[in-house]
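Residues per chain are reported as follows:
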Amino acid sequence: MLAQQLLNGVALGFTYVLIAIGLTMIYGVLKLLHFAHGVIYAVGVFAAMIGILYLNMNFIVACLFAMIIAAICGVAVERFAYRPLRNVHPITTLISGVGIAIFLESLFQVVFSSDPRAFPDTGMKVSVWKISESISITNVKLTIIVVGLVALVLLYAFLRWTKMGIAIQATAQDMRAASLMGVNVNRVVAITFMIGSAFAAIAGVLVAYDINSIYPTMGSVPGLKAFCVVVLGGLGSIPGTIIGGLILGIVESLSEGYLNGMIIDKDAIAFVILIIILLVKPSGLFGRKVEKV
Amino acid sequence: MLKIDQLHVSYGSIQAVRNVSLHVDEGEVVTLIGSNGAGKTTTLQAICGLIPSKGSISYQGEKISGLAAHRIVEKGIAMVPEGRRVFPKLSVMQNLMMGSYTRKASKQELKHDLDMIFTLFPRLAERKEQFAGTMSGGEQQMLAIGRALMAKPKLLILDEPSMGLAPIVVKGIFETIHQIKANGLTILLIEQNAMMALSVADRGYGLEHGEIVFHDTVENLRKQDIVKKAYLGK
Ligand SMILES: Nc1ncnc2c1ncn2[C@@H]1O[C@H](COP(=O)(O)OP(=O)(O)OP(=O)(O)O)[C@@H](O)[C@H]1O
Ligand SMILES: [Mg+2]
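Being a predicted model, the structure only gives us computed values, none of them experimental.

(A) Looking closely at the site of ligand 1. Residues and elements named next belong to chain B. In the vicinity of ligand 1 lie 13 residues, with Lys-40, Thr-41, Thr-42, Glu-82 and Glu-160 positioned nearest. Taking Asn-36, its side chain carries an N or O atom lying 2.7 Å from an oxygen atom of ligand 1. Contact between ligand 1 and Ala-38: an oxygen atom at 3.2 Å from a main-chain N or O atom of the residue. No other element matches the 3 residues that helix H1 (residues 40–47) contributes to the shell around ligand 1. Its residues placed into classes, the shell around ligand 1 shows 3 nonpolar, 7 polar and 3 charged.

(B) The packing of helix H2 (residues 37–54) of chain A against helix H8 (residues 185–211) of chain A, seen in detail. Residues and elements named next belong to chain A. Relative orientation of the contacting elements H2 and H8 amounts to 60°, with a least axis distance of 7 Å. By the angle between their directions, the pair H2 and H8 is classed as oblique. Between H2 and H8 the crossing geometry is right-handed. Contacts from His-37, Ile-40, Tyr-41, Gly-44, Val-45 and Ala-48 in H2 reach Gly-196, Ser-197, Ala-200, Ala-201, Ala-203, Gly-204, Val-205, Val-207 and Ala-208 in H8. Partitioning the contact of H2 with H8 into residue classes produces 10 nonpolar, 5 polar and no charged.

(C) Inspection of the environment of Tyr-11 of chain B at higher detail. Residue and element names in this part refer to chain B. Along the chain, Tyr-11 turns up in strand S1 (residues 2–11). Residue classification places Tyr-11 among the partly exposed positions, given a relative accessible area of 39%. Considered as a pair, Tyr-11 and Ser-53 are 42 residues apart in the sequence and their alpha carbons are 9.9 Å apart. Here Tyr-11 is in contact with Ala-16, Thr-42, Gln-45 and Ile-51, once residues within four sequence places are set aside. Reaching out from Tyr-11, the side chain makes a polar contact with the side chain of Thr-42 at a distance of 3.1 Å.

(D) How the structure looks around the nonpolar core. In this structure, Leu-2, Met-98 and Leu-188 of chain B are the most contacted members of the largest nonpolar core, which totals 126 residues. When residues of this core are assigned to their parent elements, the largest contribution, 16 residues, is made by H8 of chain A. Those residues in contact with Leu-188 of chain B that sit more than four places away from it in its chain are Leu-2, Val-24, Val-30, Leu-44, Ile-47, Leu-155, Leu-156, Ile-157 and Leu-158 of chain B. Counting residues in each nonpolar core, the second largest holds 46 residues, with Leu-114, Ala-144, Leu-149 and Phe-174 of chain B among its members.

(E) Expanded view of helix H5 (residues 139–161) of chain A. Residue and element names in this part refer to chain A. Its 23 residues give H5 an end-to-end C-alpha distance of 32 Å, which sits within 8% of 33 Å, the value for a rise of 1.5 Å per residue. Turning to H5, its buried residues are Val-140, Ile-144, Ile-145, Gly-148, Ala-151, Leu-152, Leu-155 and Leu-159. In this structure, the buried residues of H5 make contact with helix H1 (2–30), strand S2 (136–138), helix H6 (163–173), H8 and helix H10 (238–258).

(F) Inspection of the pairing of strand S9 (residues 203–208) of chain B at higher detail. Residue and element names in this part refer to chain B. The buried count for S9 comes to 5 of 6 residues, which makes it a mostly enclosed element. Summarising the sheet, strand S3 (residues 29–33) and S9 pair through 4 bridges and their orientation is parallel. When the bridges of S9 are listed, Leu-32 appears paired with Tyr-205. Relative to strand S10 (residues 211–217), S9 is paired through 6 bridges, and the arrangement is antiparallel. Bridged to Gly-206 within S10 is Phe-214. The turn joining S9 and S10, which pair antiparallel and follow one another in sequence, is formed by 2 residues; a positive phi near 45° is taken by His-209.

What counts, and where the lines are drawn
- Residues numbered from 1 in each chain as written.
- Chains lettered and ligands numbered in written order.
- Predicted model: local features only at pLDDT ≥ 70, side-chain atom pairs only at ≥ 80, totals over all residues.
- Heavy atoms only, no water.
- Near = heavy atom within 4 Å.
- Polar contact = N/O pair within 3.5 Å; in protein donor to acceptor, adjacent residues only side chain to side chain.
- Helix = DSSP H or I, 4+ residues; strand = E, 2+ residues; numbered from the N terminus.
- Nonpolar A, V, L, I, M, F, W, Y, C, P; charged D, E, K, R; others polar.
- Axes fitted to C-alpha atoms, helices over the stretch in contact; angles between N-to-C directions.
- Parallel < 35°, antiparallel > 145°, perpendicular 65-115°, else oblique.
- Left-handed = near helix turned anticlockwise from the far one by under 90°.
- Contact = heavy atoms within 4.5 Å.
- Buried < 20%, exposed > 50% of the residue type's maximum accessible area, 1.4 Å probe, protein only.
- Core = buried A, V, L, I, M, F, W, Y, C linked by side-chain atoms within 4.5 Å.
- Expected span 1.5 Å × (residues − 1).
- Pairing = 2+ DSSP bridges.

Okay, here's the thing in C-alpha cells:
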C-alpha cells in the first residue's frame, strides 16, 4: 500500500513539476509571478480536445498541437499583458496576469460551457500494469512519469549545453550584463515563456486524460499549487521546483491513502505547506534570498 | 570612431549628464575621469543603449542612439561594466562563451581567442570550471575583461576597472590594458584613478557634475594645475 501510494504520488508530482517549471523559469528571468500560467494549462487541454474532435488528430499529435498553441498563448500573454508593464511596480503585472486568467476562463465558459466534459475518445485504452502483487500503475500514469523525465532531461541538456540555454541562465543572473553580451533579452523571455507554457500544456493534457474530465477552470487549482511548489522549492530554482513538486505529489497521495476523512481537503495540503514554508523558511528549500513582491 | 554630441541624460528630474560631447578615434585610448557621481557610468550606459538619452551618439559614422543594447554590441562595442557583473552561477568558461555570443565564429577561431585570453590571464586558465561568483574581485575583473575581449570588439569600453581592488591588482590590470592597447584596440577607459588612467591614455576628458570640465592630450593634462590638484594629488 505504501509503495503504491508513493508511485501514484510520483506520477502526480511530475504533473506539478511540469506546471511549476515554467513559473520558476519565468520568475528567474523576469522576477515576475506569472498568475496566468494555470490558464495556459487549460489552453493546452482545450487545444488538444479541439485537435482530437475536429482536426482528426491522434493523441500524440494532439499533445504536440496543445504544446504549440499553449506556447503561442504564453508568448502572447508576455508580449501584451506583461511587457508593457515592465519597470512598473510588480503588483501591476500580477493584476494583469490575474486579469488574463479570468478573461480566458470566462471565454472558455462562453465557448465550451462550464460543464465538465469527458476527454474525447482517442481510441486508446487505459490498461493497468501490475508490477508486483500489490503495486500497479495505469499506462496513463506511467506516461506522465516518462514524459516528465524526458522533459526534464531535455531541459537540462538545453540549459547546460546550448548557446540559448546558457543565455537564459545568464539573463536570469544579470539581465543587463546579458544584454551587454549582445543577448536579445526579449527573445530570451519569449523562449522562456514558450518552454514553460509547452510544459504546462503537456501536463494539462495528460492530467485531463487521466481524470477523464475537461472544464474551463481546470487550470486554476493546479496553477495555484504550482505556486506553492515554486515557493517550497525556492523561487527561481529548477532543482528546488523538481523536489518541491515531487514532495507535494507524494504528500497528497499519501494523505489520500492514509488520512481518509481528514479535517482538511487533499487540495488544501499545498496551501498548508505554503503557509508553513512562508513562516519557517521563506526562501524555500533551495532558494536564495526572496524579494518582496 | 565614436562620436557623442551634446548628450543629455536625466533620471526623473535629476539631470545626471549635461551637454557632454566627446569623441574617440580609431586606435586611440581615451579616458574619462571624474569623481563619484560625476555621471561617468550614466554616459556609458547611454552609449550602450541601456538607458534613454537625448543628443546624438554615432559609431563609425552611423547613428546608434535609440538602438537596443544588443544591436549596439553586435556592431562591435564591448563593455566591461562597473562592478564587473560576471555571471556568478556560470563557470569561467561559460562566462567567456557568453562574451562571444554575437559572433558566428568557428570552433577553431574561438579556441584561438580563448588561448589568447588565457595567455593574457593565466589565472583564468586554472579556473575554467569554477563558478565566477566564487572568484576574488581581481579574478572577476580579469574575467570581465576577458569576456569582453571574446566579443572581438572594435571598441572596448571599461568602466572603472580599478574599483575596489588592491593597488598591486590594479597594477596588473593596467599592465593588461597596456597590452591590449599595444594590440591596436581602441579603448574608452572610465576611471577615478587618474594617475593610472593617464598612464595608459592618449587623451583625457574630465567630467564633473555631469559636465565636461576639461579635455586635452595626456601630456598637456599632466601640466595643467587643476588636473594636478584635483586628480593627481600634487
Ligand atoms: N538609476 C538611477 N536613478 C536615479 N539617479 C541615478 C541613477 N543612476 C545614477 N543616478 C545619479 O546620477 C548621477 C551620476 O551617476 P553615475 O553612476 O553616472 O556616476 P559615476 O560617475 O559613474 O560615479 P561612480 O564613480 O561612483 O561610479 C549620480 O548623482 C547618481 O545619483
Ligand atoms: Mg560609475
